[in-house]
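Geometric and topological summary
The lines below spell out each chain.
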Amino acid sequence: MQITSSLVSFVSVLWMTVFSPAGCKANPVSCRLWTEPRLPGLSMNGDFIIGGIFTIHYYTNSEQNTYTRLPPQPQCSGSMDFRQLRFARGMEFTIHEINNRTDILPGITLGYEIHDSCSDVQMAIKVGFQFANGLDSIFNEVNSCSVSSAAHVTAILGDSPSTPTIGMAGTLGLFGIPQVSHLASCACLSDKRQFPTFFRTVPSDHHQAAALAKMVKLFGWTWIGAVRSDSDYGNYGMAAFLKAAQEEGICVEYSEAYYRTQPRSKLERVADVIRRSTSRVIVAFVNIAEMRFLLEELARQPLPPLQWIGSEAWITHPEFLRFNTCAGAIGFGIPRSVIPGLREFLLDLSPEQALKSPLLTEFWESAFSCSLKGRMGVHNCDDNEDIRTLQNPYTDTSQLRVTNLVYEATYAIAHAIHAVICNNTQCNKTIKFTPWQIYDQLKRVKFITKNGYQVNFDSNGDPSALYELINWQFKEDGALDFVTVGYYDSSKPRGQVFRMSSAISWVGGQTEVPVSVCSESCPPGTRKAVQKGRPVCCYDCIPCAEGEISNKTDSLDCMRCPPEFWPNTKQDNCLPKPVEFLSWDDTLGIILTVFSITGTFVSVCVAVVFYKYRTSPIVRANNSELSFLLLFSLTLCFLCSLTFIGRPSEWSCMLRHTAFGITFVLCISCVLGKTIVVLMAFRATLPGSNVMKWFGPPQQRLSVLIFTLIQVLICVLWLKLSPPFPFKNLKLYKQKIILECDLGSAIGFWAVLGYIGFLALLCFVLAFLARKLPDNFNEAKFITFSMLIFCAVWITFIPAYVSSPGKLTVAVEIFAILASSFALIICIFAPKCFIIVFRPDQNTKKYILSKVPSKAL
């Protein structure tokens, strides 16, 4: 806040100087102020006086304080702001209009005293005290010098800048004198604890800051620069904007401050920061004087195209339209209005009238470059000056924005006075009232002006926020002009507060919204990673990790897909993982199916051949009953491999392993039976041996049944305790699901397989022992070969089964079933079929029983 401890000290000294006995001459009856009152620039007597204060000049001249004599009073200096003079005369016009009305304050004449604060806090406070005490320099009081019980003015209108207004409002609030400002927009003035009697017709910067932040967010600008006046207006306004911008996720590359009285080196440094910046959008919460200096400095050297975002203080000031570098600027301004009769009032000015006011005299001499008082070196004004030919902010009533706020403020004070002294159509000009009564009525004011604007104040003394969105666009003649492209109205329902009405012309005349980002948006499939040591808007786009996605732009984090889903190639969507199993239409599945059906067909063909030649010696000599049972079991072995193909289900998982286990045990049991028969048959040829009666056909059938029932019992226990079930294997592959049959109980599976292996090993040992028995057709040799292949297949199956991934695990198991089945049918039945079909001469009992020398395998 600009009112620092030095300012507080100044106020204390001024209070003592003006009001304390130490500041008065020693007179028990009266006292005199040390300094003479400051005369108003514009004034008119009336029944009730309204004070007015405007910043018509921006500088003061003051000599060095020597502390040995009274310091000279500061005087305004610098060029006159014609626009501010129009505001002051707008107050004049409004009071004259009210005096001519019969529905407001009938029979009452309002007067006014209008001062120039020179945008100086000390000057504003001095004028504030003067408003409280009047123009008299001598106070007739008994034993003391004190502020009179009744203020000199009824209420005060002004000031324009926030900083002088803060000083005045803090002082006037002590006396209960209401103050209505037309342009002091600092949000700090809404604090009723510090400024209890302050009102304003301009919206608080709290609304403007929020509206600017939302607008910046709306156009997608996340990387901006900021510059402000180093005053209460700029500092408070920018602080509110930065807070709102942070909430909207907007980053500020730089935030610079400048005040018009600071050294030029500070201005040059701010301009260099703007030129070197990478942001293409700049938000300027700047007063008119600072903005003028800044734009002039920036115009000295080439400037990259910048999209200017302006506050209401300068965005509608016609002086800046000469800076083409600001073409395309947008910002919120006070709504433009029309005040009937104002232009005629402003132009109704003659040299004689101008001489009655020092402000109007200065205006006339400055506007026409002549002298009304005959100053040396300047030609005298004559009757040739025509004010209607002037084209300056004073005569320009095409952009009546702030002037309308002066109009509203003056009427608000008039309505409050009316409520205090008038009863219906009768007003009592002699009634005594205190400033607090005016203050109390101002809180209740609610009316509509002649030009259609509603005026009322909330609990903080603020109006509802109503702005126009102003855009600087080129006209057909190449000149810049203000164009209203949207509106902001805080009284509207949420969602309707901001609306656009026409297209915006951006910097450089482009129709597309300029881009101002520190980093380009991260597309879906990536996440933002903030660059070390930089604002959050400066980031790198990191691709999502494996198995993760981001489905929106500028994601902060990636999301992991659910277990059964996997990202697409762009990593912006989770897709169901493909489910893999050995299907019927899979190439490998088709090949294995063909081999399975081929094996089944071969088994059936061999059975047909054996059945056709069932009476032949070679069929009968090899126990035709076990041969047919073996062929039946081999057919089942070939067919059971088909249960491993297709989508696993609860029934198929239980069937495939149990069918495989039982059919293979049935098959090996038959082979084992045939091997034992061979051994027993040769033992029976020994003298005195009757072993065959202990292993005849009934015993053979019983042995096959017992061996098979043991496997059935193992399978029943397996299925009862922990059966196989369909299982989605999500761990084997990241990008797909393997649908397989979980064994349920690994012990059950390996018990089934181990039992088959035990029978096969037993059969191999017995067949190996019988391999040297003399005979032209010793079946034990072929059984040995078949068991050797069978065991080799299933021994190699174990590591292959464990290490094979996915559907290959099932394929390995099917291959083992088919390979061992083909080994049995080829080694055991192929030689017999060859003799039956191609060597019928060897299919005789004599040939079969003939002895041959045995050879080692």
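Residues numbered from 1 in each chain as written. Predicted model: local features only at pLDDT ≥ 70, side-chain atom pairs only at ≥ 80, totals over all residues. Heavy atoms only, no water.

A word on the pairing of strand S3 (residues 48-54). Of all 7 residues in S3, 7 are buried; the element is thus mostly enclosed. With burial as the criterion, each face of S3 is covered, one bearing Phe 48, Ile 50, Gly 52 and Phe 54 and the other bearing Ile 49, Gly 51 and Ile 53. Across 7 bridges, S3 lies against strand S6 (residues 110-116) in parallel orientation. Across the sheet, residue Ile 53 finds its bridge partner in S6, namely His 115. As judged from the 3 bridges shared by S3 and strand S8 (residues 155-157), these two strands associate in the parallel manner. (Buried < 20%, exposed > 50% of the residue type's maximum accessible area, 1.4 Å probe, protein only. Helix = DSSP H or I, 4+ residues; strand = E, 2+ residues; numbered from the N terminus. Pairing = 2+ DSSP bridges.)

Moving on: the packing of aromatic side chains. Evaluated as defined, the whole model comprises 29 aromatic pairs. Seen in terms of ring centroids, Phe 219 and Trp 506 are 4.9 Å apart; in terms of plane orientation they differ by 80 degrees. Their pairing is edge-to-face. In this pair, Phe 219 sits in the loop between helix H5 (205-218) and strand S11 (223-229) while Trp 506 sits in the loop between strand S22 (498-500) and strand S23 (526-530), placing the two residues 287 residues apart along the sequence. You'll find Phe 219 and Trp 506 in the same group, each marked buried. Arranged with centres 5.4 Å apart and planes meeting at 40 degrees, the rings of Phe 834 and Phe 838 form a pair that is tilted. Of this pair, Phe 834 and Phe 838 both sit in helix H21 (residues 807-838), 4 residues apart, which is roughly one turn of that helix. Members of the aromatic cluster, connected to one another through ring pairs, are Trp 308, Trp 314, Phe 320, Phe 323, Trp 472 and Phe 482. Looking at Arg 260, its charged tip hangs above the ring of Tyr 59, at a distance of 5.6 Å from the centre. Above the plane of the ring of Tyr 539 lies Lys 528, whose end atom (NZ or CZ) is 4.7 Å from the centre. (Phe/Tyr/Trp six-rings, centres within 6.5 Å; stacked < 30°, edge-to-face > 60°. Lys NZ or Arg CZ within 6 Å of the ring centre and 35° of its normal.)

We now examine the nonpolar core. Counting 68 residues, the largest nonpolar core has Phe 660, Met 787, Phe 790, Trp 794, Leu 824 and Phe 829 as the members making the most contacts within it. Among the elements of the structure, helix H14 (587-612), helix H15 (617-621), helix H16 (624-640), helix H17 (650-684), helix H18 (697-721), helix H19 (746-769), helix H20 (779-803) and H21 are those that each provide at least two residues to this core. When neighbours within four sequence positions are excluded, Met 787 is seen to be in contact with Ile 668, Val 671, Ala 760, Cys 763, Phe 764 and Leu 824. The next biggest cluster of nonpolar side chains, apart from the first, holds 65 residues, and it includes Ala 88, Tyr 112, Leu 157 and Tyr 394. (Core = buried A, V, L, I, M, F, W, Y, C linked by side-chain atoms within 4.5 Å. Contact = heavy atoms within 4.5 Å.)

So, about the packing of H18 against H19. Here H18 crosses H19 at 170 degrees, and the two axes come no closer than 9 Å. Looking at the two axes, H18 sits roughly antiparallel to H19. Residues Phe 707, Ile 710, Gln 711, Ile 714, Cys 715 and Trp 718 of H18 form the contact with H19, whose own contacting residues are Gly 748, Phe 749, Ala 751, Val 752, Tyr 755, Ile 756 and Leu 759. (Axes fitted to C-alpha atoms, helices over the stretch in contact; angles between N-to-C directions. Parallel < 35°, antiparallel > 145°, perpendicular 65-115°, else oblique.)

Right, let's get into the state of the cysteines. With the rule as written, the count across this model stands at 10 disulfides. The disulfide that involves Cys 76 links it to Cys 118, with 1.4 Å between the sulfurs. With Cys 76 in strand S5 (residues 75-77) and Cys 118 in the loop between S6 and helix H3 (121-133), this pair connects stretches of sequence that are 42 residues apart. On the basis of relative accessibility, which here comes to 1%, the residue Cys 118 falls in the buried class. Covalent S-S linkage joins Cys 422 and Cys 427, the inter-sulfur distance amounting to 1.8 Å. Every disulfide takes its handedness from the sign of the S-S torsion; for Cys 422 and Cys 427 that torsion is 105 degrees, giving right-handed. (Disulfide = S-S within 2.5 Å.)

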